[in-house]
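So you can see what is in the structure, the chains are spelled out below.
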Amino acid sequence: MIKDKLKVREIIAKRVAMELHDGDIVNLGIGIPTLVGNYLPQDVHIFLQSENGILGMGGAPKAGYENKDMNNAGGLPASFLPGAAAFDSATSFGLIRGGHVAATVLGALQVDEEGHLANWMIPGKLIPGMGGAMDLVTGAKKVIVSMTHTKKDGSAKIIPKCTLPLTSIRKINLIVTEAAVIEVTENGLLLKELGPETSLEEVINSTTAKLIVPDDLKPMPITV
Amino acid sequence: MVDKLLKKEDFIEKLFDGAILMIGGFLGDGTPELLIDEIVKNGIKDLTIIANDTAFPGKGIGKLIDARLVKKAIVSHIGTNPETQKQMIEGTMEVELIPQGTLAEKVRAGGFGLGGILTPTGLGTIVEDDKQRCEIDGKEYLIEPAIKADIALLKAKRADELGNLTYNLTAQNFNPLMAFAAETTIVEVEELVPKGGVSPNEVRTPHAVVDFLVRGSCK
(Lines give C-alpha, C1' and ligand atoms only; values in the text may rest on other atoms or scores of the structure.)
Protein backbone atom coordinates (compact mmCIF):
# COMPACT_ATOMS: atom_id res chain seq x y z
CA MET A 1 0.00 0.00 0.00
CA ILE A 2 1.17 3.51 -0.73
CA LYS A 3 1.81 5.57 2.42
CA ASP A 4 2.96 8.91 1.03
CA LYS A 5 0.21 11.38 2.00
CA LEU A 6 0.22 13.40 -1.19
CA LYS A 7 0.26 10.29 -3.38
CA VAL A 8 -2.58 8.77 -1.38
CA ARG A 9 -4.71 11.85 -2.00
CA GLU A 10 -3.79 11.87 -5.68
CA ILE A 11 -4.72 8.21 -6.17
CA ILE A 12 -8.10 8.66 -4.54
CA ALA A 13 -8.95 11.87 -6.36
CA LYS A 14 -7.84 10.47 -9.75
CA ARG A 15 -9.87 7.30 -9.33
CA VAL A 16 -13.00 9.13 -8.17
CA ALA A 17 -12.72 11.49 -11.15
CA MET A 18 -13.22 8.48 -13.45
CA GLU A 19 -16.67 7.92 -11.94
CA LEU A 20 -17.96 11.27 -13.16
CA HIS A 21 -19.60 11.85 -16.52
CA ASP A 22 -19.74 14.79 -18.85
CA GLY A 23 -22.59 17.09 -17.83
CA ASP A 24 -23.00 15.65 -14.33
CA ILE A 25 -24.08 17.90 -11.47
CA VAL A 26 -21.69 17.02 -8.68
CA ASN A 27 -21.27 18.07 -5.06
CA LEU A 28 -17.75 17.66 -3.70
CA GLY A 29 -17.08 17.63 0.03
CA ILE A 30 -14.20 19.29 1.83
CA GLY A 31 -10.72 17.69 1.78
CA ILE A 32 -9.82 14.90 -0.66
CA PRO A 33 -13.16 15.22 -2.54
CA THR A 34 -12.30 18.83 -3.45
CA LEU A 35 -9.24 17.56 -5.36
CA VAL A 36 -11.36 15.43 -7.71
CA GLY A 37 -12.02 18.40 -9.98
CA ASN A 38 -8.29 18.59 -10.77
CA TYR A 39 -8.22 15.14 -12.37
CA LEU A 40 -11.20 15.10 -14.72
CA PRO A 41 -10.51 13.77 -18.23
CA GLN A 42 -10.32 16.55 -20.83
CA ASP A 43 -13.65 15.64 -22.41
CA VAL A 44 -15.53 15.56 -19.10
CA HIS A 45 -17.03 18.83 -17.91
CA ILE A 46 -19.10 18.76 -14.78
CA PHE A 47 -21.20 21.36 -12.97
CA LEU A 48 -20.12 21.76 -9.38
CA GLN A 49 -22.97 22.35 -6.98
CA SER A 50 -22.19 23.88 -3.60
CA GLU A 51 -24.53 23.80 -0.57
CA ASN A 52 -24.20 27.53 0.00
CA GLY A 53 -26.16 28.20 -3.16
CA ILE A 54 -24.31 27.94 -6.44
CA LEU A 55 -24.37 25.64 -9.46
CA GLY A 56 -21.40 26.12 -11.75
CA MET A 57 -18.76 26.89 -9.16
CA GLY A 58 -15.18 27.34 -10.34
CA GLY A 59 -11.87 27.08 -8.51
CA ALA A 60 -10.15 29.48 -6.18
CA PRO A 61 -9.71 32.95 -7.69
CA LYS A 62 -6.26 34.50 -8.14
CA ALA A 63 -5.08 36.58 -5.21
CA GLY A 64 -6.67 40.01 -5.42
CA TYR A 65 -9.66 38.75 -7.42
CA GLU A 66 -11.68 37.39 -4.51
CA ASN A 67 -15.32 38.42 -4.22
CA LYS A 68 -16.51 38.61 -0.61
CA ASP A 69 -19.89 37.21 -1.70
CA MET A 70 -18.53 34.25 -3.68
CA ASN A 71 -17.26 31.42 -1.49
CA ASN A 72 -17.31 27.64 -1.39
CA ALA A 73 -19.10 25.60 1.30
CA GLY A 74 -15.91 25.66 3.37
CA GLY A 75 -16.01 29.45 3.50
CA LEU A 76 -13.02 29.89 1.19
CA PRO A 77 -13.03 32.24 -1.80
CA ALA A 78 -14.32 30.58 -4.95
CA SER A 79 -15.28 31.67 -8.45
CA PHE A 80 -18.21 30.99 -10.71
CA LEU A 81 -18.06 29.82 -14.32
CA PRO A 82 -20.04 31.13 -17.30
CA GLY A 83 -23.56 29.69 -17.03
CA ALA A 84 -23.51 29.53 -13.24
CA ALA A 85 -26.68 30.00 -11.21
CA ALA A 86 -26.96 31.39 -7.66
CA PHE A 87 -29.86 30.58 -5.34
CA ASP A 88 -31.05 30.36 -1.75
CA SER A 89 -30.51 27.45 0.65
CA ALA A 90 -33.96 25.89 0.11
CA THR A 91 -33.32 25.72 -3.64
CA SER A 92 -29.82 24.40 -3.05
CA PHE A 93 -31.17 21.55 -0.95
CA GLY A 94 -34.05 21.08 -3.36
CA LEU A 95 -31.37 20.12 -5.87
CA ILE A 96 -29.67 17.87 -3.34
CA ARG A 97 -32.60 16.18 -1.62
CA GLY A 98 -34.74 16.17 -4.73
CA GLY A 99 -32.40 13.81 -6.58
CA HIS A 100 -31.11 16.40 -9.05
CA VAL A 101 -27.47 15.94 -8.10
CA ALA A 102 -25.87 13.08 -10.06
CA ALA A 103 -23.14 12.37 -7.55
CA THR A 104 -21.82 13.50 -4.22
CA VAL A 105 -18.29 12.73 -3.12
CA LEU A 106 -17.63 12.88 0.59
CA GLY A 107 -15.30 11.68 3.31
CA ALA A 108 -16.11 9.18 6.04
CA LEU A 109 -15.12 8.18 9.55
CA GLN A 110 -16.63 4.71 9.10
CA VAL A 111 -18.40 2.71 6.38
CA ASP A 112 -19.93 -0.67 7.10
CA GLU A 113 -20.87 -3.96 5.41
CA GLU A 114 -24.38 -2.71 4.75
CA GLY A 115 -23.11 0.40 3.00
CA HIS A 116 -23.98 2.72 5.86
CA LEU A 117 -21.84 5.76 6.43
CA ALA A 118 -20.86 7.69 9.57
CA ASN A 119 -19.13 10.99 8.94
CA TRP A 120 -20.47 13.76 11.16
CA MET A 121 -19.63 13.20 14.80
CA ILE A 122 -17.65 11.26 17.40
CA PRO A 123 -19.77 11.45 20.58
CA GLY A 124 -17.94 13.23 23.41
CA LYS A 125 -14.99 14.04 21.20
CA LEU A 126 -15.70 15.78 17.94
CA ILE A 127 -19.07 17.32 17.15
CA PRO A 128 -18.79 19.52 14.06
CA GLY A 129 -22.41 18.88 13.06
CA MET A 130 -23.83 17.31 9.94
CA GLY A 131 -24.06 20.46 7.84
CA GLY A 132 -25.39 19.29 4.47
CA ALA A 133 -24.05 15.72 4.70
CA MET A 134 -27.29 14.04 5.80
CA ASP A 135 -29.26 15.61 2.95
CA LEU A 136 -26.52 14.83 0.42
CA VAL A 137 -26.26 11.17 1.37
CA THR A 138 -30.05 10.82 1.50
CA GLY A 139 -30.78 12.59 -1.76
CA ALA A 140 -27.93 12.40 -4.28
CA LYS A 141 -28.33 9.84 -7.07
CA LYS A 142 -24.92 8.35 -6.39
CA VAL A 143 -22.92 8.59 -3.17
CA ILE A 144 -19.18 8.07 -3.47
CA VAL A 145 -17.11 7.85 -0.29
CA SER A 146 -13.52 8.91 -0.83
CA MET A 147 -11.19 8.43 2.09
CA THR A 148 -7.92 6.93 3.29
CA HIS A 149 -8.35 3.19 3.68
CA THR A 150 -7.53 3.21 7.40
CA LYS A 151 -7.34 5.64 10.30
CA LYS A 152 -4.02 7.32 11.09
CA ASP A 153 -3.21 4.54 13.59
CA GLY A 154 -3.81 1.92 10.91
CA SER A 155 -7.12 0.66 12.30
CA ALA A 156 -9.96 -0.12 9.93
CA LYS A 157 -12.57 2.38 8.74
CA ILE A 158 -14.40 -0.18 6.62
CA ILE A 159 -15.95 -2.27 9.37
CA PRO A 160 -18.76 -4.80 9.94
CA LYS A 161 -21.13 -2.26 11.53
CA CYS A 162 -20.78 1.48 12.14
CA THR A 163 -20.35 2.31 15.82
CA LEU A 164 -20.57 6.08 15.28
CA PRO A 165 -23.88 7.87 14.63
CA LEU A 166 -25.00 7.26 11.04
CA THR A 167 -25.29 10.01 8.46
CA SER A 168 -28.21 8.32 6.71
CA ILE A 169 -29.85 4.92 6.42
CA ARG A 170 -29.53 5.23 2.65
CA LYS A 171 -26.73 2.94 1.50
CA ILE A 172 -23.79 4.56 -0.25
CA ASN A 173 -22.77 3.29 -3.69
CA LEU A 174 -19.00 3.24 -3.92
CA ILE A 175 -15.94 3.46 -1.68
CA VAL A 176 -12.69 4.71 -3.18
CA THR A 177 -9.50 4.57 -1.11
CA GLU A 178 -5.80 4.53 -2.02
CA ALA A 179 -5.94 0.74 -1.65
CA ALA A 180 -9.25 -0.29 -3.16
CA VAL A 181 -12.43 0.41 -5.06
CA ILE A 182 -15.36 -1.24 -3.31
CA GLU A 183 -18.92 -1.33 -4.55
CA VAL A 184 -21.86 -1.68 -2.20
CA THR A 185 -24.05 -4.46 -3.62
CA GLU A 186 -27.16 -6.33 -2.48
CA ASN A 187 -24.89 -9.15 -1.30
CA GLY A 188 -22.35 -6.99 0.52
CA LEU A 189 -19.12 -5.14 -0.20
CA LEU A 190 -17.67 -6.15 -3.55
CA LEU A 191 -13.95 -5.50 -3.94
CA LYS A 192 -13.54 -4.39 -7.55
CA GLU A 193 -10.06 -2.93 -7.83
CA LEU A 194 -6.77 -2.86 -5.96
CA GLY A 195 -4.81 0.37 -5.60
CA PRO A 196 -1.28 0.87 -6.99
CA GLU A 197 1.35 -1.23 -5.21
CA THR A 198 -1.34 -2.89 -3.13
CA SER A 199 -1.90 -6.63 -2.58
CA LEU A 200 -5.19 -8.37 -1.87
CA GLU A 201 -3.82 -9.46 1.51
CA GLU A 202 -3.05 -5.87 2.46
CA VAL A 203 -6.61 -4.81 1.67
CA ILE A 204 -8.13 -7.72 3.58
CA ASN A 205 -5.85 -7.14 6.57
CA SER A 206 -6.74 -3.46 6.78
CA THR A 207 -10.49 -4.03 6.40
CA THR A 208 -12.55 -5.66 9.13
CA ALA A 209 -15.73 -5.75 7.05
CA LYS A 210 -16.31 -8.86 4.98
CA LEU A 211 -15.29 -8.32 1.35
CA ILE A 212 -16.53 -10.26 -1.64
CA VAL A 213 -13.49 -10.96 -3.83
CA PRO A 214 -14.39 -11.63 -7.45
CA ASP A 215 -12.36 -13.69 -9.91
CA ASP A 216 -11.85 -10.67 -12.13
CA LEU A 217 -10.30 -8.39 -9.49
CA LYS A 218 -8.50 -5.58 -11.37
CA PRO A 219 -5.83 -3.03 -10.63
CA MET A 220 -6.95 0.63 -10.55
CA PRO A 221 -6.50 1.98 -14.08
CA ILE A 222 -4.41 4.94 -12.96
CA THR A 223 -0.75 5.87 -12.65
CA VAL A 224 0.85 8.05 -9.99
CA MET B 1 -45.63 56.02 3.46
CA VAL B 2 -43.83 54.28 6.30
CA ASP B 3 -40.17 55.11 6.44
CA LYS B 4 -38.33 51.83 6.88
CA LEU B 5 -34.86 53.32 7.11
CA LEU B 6 -33.41 52.88 10.57
CA LYS B 7 -30.25 54.47 11.95
CA LYS B 8 -27.97 51.90 13.47
CA GLU B 9 -28.38 53.61 16.88
CA ASP B 10 -32.15 53.12 16.62
CA PHE B 11 -31.76 49.53 15.46
CA ILE B 12 -30.76 48.34 18.90
CA GLU B 13 -34.13 49.52 20.31
CA LYS B 14 -35.77 46.70 18.36
CA LEU B 15 -33.75 44.04 20.19
CA PHE B 16 -34.20 42.64 23.67
CA ASP B 17 -32.51 40.17 26.02
CA GLY B 18 -33.70 36.61 25.44
CA ALA B 19 -34.81 37.28 21.85
CA ILE B 20 -35.00 34.47 19.30
CA LEU B 21 -33.03 35.67 16.29
CA MET B 22 -32.70 34.28 12.81
CA ILE B 23 -29.48 35.50 11.26
CA GLY B 24 -28.67 35.12 7.56
CA GLY B 25 -25.31 33.94 6.31
CA PHE B 26 -23.17 30.93 5.50
CA LEU B 27 -19.87 30.95 7.40
CA GLY B 28 -20.24 34.72 7.63
CA ASP B 29 -20.96 35.24 3.93
CA GLY B 30 -24.24 37.16 3.77
CA THR B 31 -24.32 37.99 7.48
CA PRO B 32 -25.18 41.56 8.60
CA GLU B 33 -21.87 42.36 10.32
CA LEU B 34 -22.84 45.89 11.24
CA LEU B 35 -25.99 44.75 13.06
CA ILE B 36 -23.98 42.06 14.86
CA ASP B 37 -21.44 44.66 15.95
CA GLU B 38 -24.25 46.79 17.42
CA ILE B 39 -25.59 43.83 19.41
CA VAL B 40 -22.12 43.10 20.79
CA LYS B 41 -21.57 46.78 21.63
CA ASN B 42 -24.86 46.91 23.53
CA GLY B 43 -24.49 43.52 25.18
CA ILE B 44 -27.94 42.18 24.23
CA LYS B 45 -27.81 38.74 25.85
CA ASP B 46 -29.42 35.31 26.39
CA LEU B 47 -30.07 35.12 22.68
CA THR B 48 -31.33 32.09 20.80
CA ILE B 49 -29.75 32.07 17.36
CA ILE B 50 -31.23 30.23 14.39
CA ALA B 51 -28.68 30.20 11.59
CA ASN B 52 -26.79 27.90 9.26
CA ASP B 53 -23.65 27.94 11.43
CA THR B 54 -21.72 30.04 13.94
CA ALA B 55 -19.06 31.10 11.40
CA PHE B 56 -15.56 31.63 12.76
CA PRO B 57 -14.31 33.34 15.95
CA GLY B 58 -14.30 37.10 15.26
CA LYS B 59 -16.52 36.82 12.18
CA GLY B 60 -20.30 37.17 11.77
CA ILE B 61 -22.24 35.18 14.36
CA GLY B 62 -18.88 34.15 15.81
CA LYS B 63 -18.67 37.62 17.38
CA LEU B 64 -21.85 36.95 19.37
CA ILE B 65 -20.39 33.64 20.55
CA ASP B 66 -17.08 35.31 21.50
CA ALA B 67 -19.04 37.85 23.59
CA ARG B 68 -21.01 35.00 25.25
CA LEU B 69 -24.35 36.51 24.30
CA VAL B 70 -25.82 33.29 22.94
CA LYS B 71 -27.81 30.96 25.20
CA LYS B 72 -28.80 28.54 22.47
CA ALA B 73 -27.72 27.99 18.87
CA ILE B 74 -29.95 26.12 16.43
CA VAL B 75 -27.61 25.45 13.51
CA SER B 76 -26.43 22.78 11.06
CA HIS B 77 -22.71 23.07 11.69
CA ILE B 78 -20.28 24.33 14.33
CA GLY B 79 -17.10 22.71 13.03
CA THR B 80 -15.51 26.01 12.02
CA ASN B 81 -15.91 27.65 15.41
CA PRO B 82 -13.93 26.10 18.29
CA GLU B 83 -15.36 28.72 20.68
CA THR B 84 -18.90 27.40 20.05
CA GLN B 85 -17.71 23.86 20.74
CA LYS B 86 -15.96 25.04 23.91
CA GLN B 87 -19.06 26.76 25.29
CA MET B 88 -21.20 23.76 24.35
CA ILE B 89 -18.87 21.35 26.19
CA GLU B 90 -18.69 23.71 29.21
CA GLY B 91 -22.47 23.67 29.27
CA THR B 92 -22.80 27.46 29.02
CA MET B 93 -24.46 27.28 25.61
CA GLU B 94 -26.95 24.80 24.23
CA VAL B 95 -26.47 23.66 20.63
CA GLU B 96 -29.18 21.98 18.60
CA LEU B 97 -27.88 20.50 15.35
CA ILE B 98 -30.26 20.22 12.41
CA PRO B 99 -29.43 18.95 8.90
CA GLN B 100 -28.88 21.96 6.68
CA GLY B 101 -31.58 21.18 4.13
CA THR B 102 -34.06 20.44 6.92
CA LEU B 103 -33.18 23.70 8.65
CA ALA B 104 -33.76 25.66 5.44
CA GLU B 105 -37.17 24.02 4.99
CA LYS B 106 -38.19 24.49 8.65
CA VAL B 107 -37.47 28.19 8.27
CA ARG B 108 -39.25 28.37 4.93
CA ALA B 109 -42.28 26.57 6.37
CA GLY B 110 -42.33 28.96 9.32
CA GLY B 111 -42.52 31.94 7.04
CA PHE B 112 -44.83 30.42 4.44
CA GLY B 113 -47.65 29.56 6.81
CA LEU B 114 -46.97 25.81 6.93
CA GLY B 115 -46.93 23.69 10.06
CA GLY B 116 -43.81 21.84 9.06
CA ILE B 117 -42.31 19.63 6.39
CA LEU B 118 -41.85 15.93 5.67
CA THR B 119 -38.32 14.84 4.83
CA PRO B 120 -36.45 11.55 4.44
CA THR B 121 -33.30 13.24 5.79
CA GLY B 122 -32.45 12.05 9.30
CA LEU B 123 -34.60 8.90 9.23
CA GLY B 124 -32.99 6.16 11.29
CA THR B 125 -30.32 8.51 12.67
CA ILE B 126 -30.12 10.34 16.00
CA VAL B 127 -31.86 13.27 14.29
CA GLU B 128 -35.02 11.17 14.49
CA ASP B 129 -34.99 11.05 18.31
CA ASP B 130 -38.28 12.36 19.74
CA LYS B 131 -39.72 12.99 16.29
CA GLN B 132 -42.72 11.50 14.57
CA ARG B 133 -42.61 9.52 11.35
CA CYS B 134 -45.30 9.35 8.73
CA GLU B 135 -45.80 7.28 5.60
CA ILE B 136 -46.95 8.61 2.26
CA ASP B 137 -47.30 6.37 -0.79
CA GLY B 138 -45.27 3.68 0.94
CA LYS B 139 -42.34 5.99 1.72
CA GLU B 140 -41.36 7.07 5.22
CA TYR B 141 -40.61 10.62 6.26
CA LEU B 142 -39.75 12.55 9.39
CA ILE B 143 -42.13 15.27 10.47
CA GLU B 144 -40.08 18.39 11.03
CA PRO B 145 -42.07 21.26 12.56
CA ALA B 146 -41.75 24.80 11.22
CA ILE B 147 -39.70 27.34 13.16
CA LYS B 148 -40.13 31.07 13.60
CA ALA B 149 -38.24 33.85 15.31
CA ASP B 150 -38.84 37.17 17.01
CA ILE B 151 -36.44 39.02 14.76
CA ALA B 152 -34.65 38.18 11.50
CA LEU B 153 -31.36 39.99 10.89
CA LEU B 154 -30.48 39.80 7.22
CA LYS B 155 -28.01 41.09 4.68
CA ALA B 156 -28.96 42.15 1.18
CA LYS B 157 -27.03 43.57 -1.74
CA ARG B 158 -29.55 46.19 -2.72
CA ALA B 159 -32.88 47.47 -1.48
CA ASP B 160 -35.24 50.09 -2.73
CA GLU B 161 -36.78 52.35 -0.11
CA LEU B 162 -39.83 50.06 0.15
CA GLY B 163 -37.61 47.13 1.08
CA ASN B 164 -37.57 45.08 -2.12
CA LEU B 165 -34.34 43.11 -1.90
CA THR B 166 -31.70 41.58 -4.14
CA TYR B 167 -28.78 39.44 -3.04
CA ASN B 168 -25.33 38.72 -4.36
CA LEU B 169 -24.08 35.21 -5.29
CA THR B 170 -23.47 32.94 -2.27
CA ALA B 171 -24.39 35.74 0.16
CA GLN B 172 -28.04 34.84 -0.51
CA ASN B 173 -28.25 31.48 1.35
CA PHE B 174 -30.78 31.64 4.23
CA ASN B 175 -31.58 35.36 3.91
CA PRO B 176 -34.64 35.19 1.62
CA LEU B 177 -36.12 32.31 3.66
CA MET B 178 -35.67 34.02 7.02
CA ALA B 179 -37.20 37.24 5.70
CA PHE B 180 -40.63 35.59 5.97
CA ALA B 181 -40.18 33.73 9.24
CA ALA B 182 -39.82 36.44 11.91
CA GLU B 183 -42.14 38.90 13.62
CA THR B 184 -39.76 41.68 12.65
CA THR B 185 -37.36 41.58 9.72
CA ILE B 186 -34.41 43.97 9.73
CA VAL B 187 -32.09 44.10 6.75
CA GLU B 188 -28.61 45.55 6.45
CA VAL B 189 -28.20 46.69 2.86
CA GLU B 190 -25.14 47.64 0.86
CA GLU B 191 -26.97 49.90 -1.59
CA LEU B 192 -30.17 51.78 -1.02
CA VAL B 193 -32.01 53.03 -4.11
CA PRO B 194 -35.26 54.95 -4.63
CA LYS B 195 -38.57 53.17 -5.19
CA GLY B 196 -38.46 51.69 -8.69
CA GLY B 197 -34.70 51.28 -8.51
CA VAL B 198 -34.96 47.48 -8.39
CA SER B 199 -36.60 45.81 -11.37
CA PRO B 200 -39.57 43.59 -10.39
CA ASN B 201 -37.79 40.69 -12.11
CA GLU B 202 -34.74 41.12 -9.91
CA VAL B 203 -36.58 41.26 -6.59
CA ARG B 204 -35.83 38.12 -4.57
CA THR B 205 -37.59 39.24 -1.39
CA PRO B 206 -40.72 41.37 -1.79
CA HIS B 207 -40.98 44.43 0.45
CA ALA B 208 -44.09 43.06 2.23
CA VAL B 209 -41.91 41.02 4.59
CA VAL B 210 -39.27 43.68 5.26
CA ASP B 211 -39.86 45.94 8.28
CA PHE B 212 -36.65 47.93 8.58
CA LEU B 213 -33.58 48.74 6.54
CA VAL B 214 -30.19 49.72 7.91
CA ARG B 215 -27.54 51.17 5.64
CA GLY B 216 -24.40 49.02 5.70
CA SER B 217 -21.08 49.32 3.94
CA CYS B 218 -20.06 47.78 0.64
CA LYS B 219 -16.80 46.25 1.80
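Residues numbered from 1 in each chain as written. Chains lettered and ligands numbered in written order. Predicted model: local features only at pLDDT ≥ 70, side-chain atom pairs only at ≥ 80, totals over all residues.

Turning next to the sheet that holds strand β7 (residues 117–118) of chain A. Residue and element names in this part refer to chain A. Reading across the sheet, the three strands line up as β7-β6-β9 and stay open at both edges, with mixed pairing between neighbours. Single-partner strands in this sheet number two, and they are β7 and β9 (158–159). Where strand β6 (residues 110–112) meets β9, two bridges bridge the pair, whose relative direction is parallel. Note on β9: the bridge partner recorded for Val111 is Ile158. (Pairing = 2+ DSSP bridges. Helix = DSSP H or I, 4+ residues; strand = E, 2+ residues; numbered from the N terminus.)

On to the sheet that holds strand β8 (residues 139–145) of chain B. Residue and element names in this part refer to chain B. The strand order across the open sheet formed by three strands is β6-β8-β7, and the pairing between neighbours is antiparallel. The open sheet terminates on both sides in strands that have one partner only, identified here as β6 (116–119) and β7 (133–136). If you compare each strand with its neighbour and ignore which way they point, the axes differ by 40° on average. As paired elements, β6 and β8 share four bridges and run antiparallel to each other. When the bridges of β8 are listed, Ile117 appears paired with Glu144. Relative to the sheet, helix α5 (residues 100–111) contacts β6 and β8, its axis offset from that of β6 by approximately 150°. (Axes fitted to C-alpha atoms, helices over the stretch in contact; angles between N-to-C directions. Contact = placed C-beta atoms within 7 Å.)

What follows is about the environment of B:Thr166. Residues and elements named next belong to chain B. Its location among the elements puts Thr166 in strand β10 (residues 165–166). The exposure class assigned to Thr166 is buried, which follows from the 21 C-beta atoms found within 10 Å. Separated by 37 residues in the primary sequence, Thr166 and Val203 have C-alpha atoms spaced 5.5 Å apart. Not counting residues up to four positions away in its chain, the partners in contact with Thr166 are Ala156, Lys157, Arg158, Val198, Glu202, Val203 and Arg204. (Buried ≥ 20, exposed ≤ 12 C-beta atoms within 10 Å, placed from the backbone.)

To continue, consider helix α3 (residues 89–97) of chain A. For an α-helix the count is 3.6 residues per turn, leaving residues at separations of three or four pointing the same way. Burial within α3(A) is extensive, with seven of its nine residues counted as buried. Burial in α3(A) covers these residues: A:Ser89, A:Ala90, A:Ser92, A:Phe93, A:Leu95, A:Ile96 and A:Arg97. Along its buried surface, α3(A) packs onto β1 (25–28), β2 (47–50) and α4 (133–139) of chain A together with α5, β6 and α6 (175–178) of chain B. Looking one or two places after α3(A), you find A:Gly99, whose phi comes out positive at around 80°.

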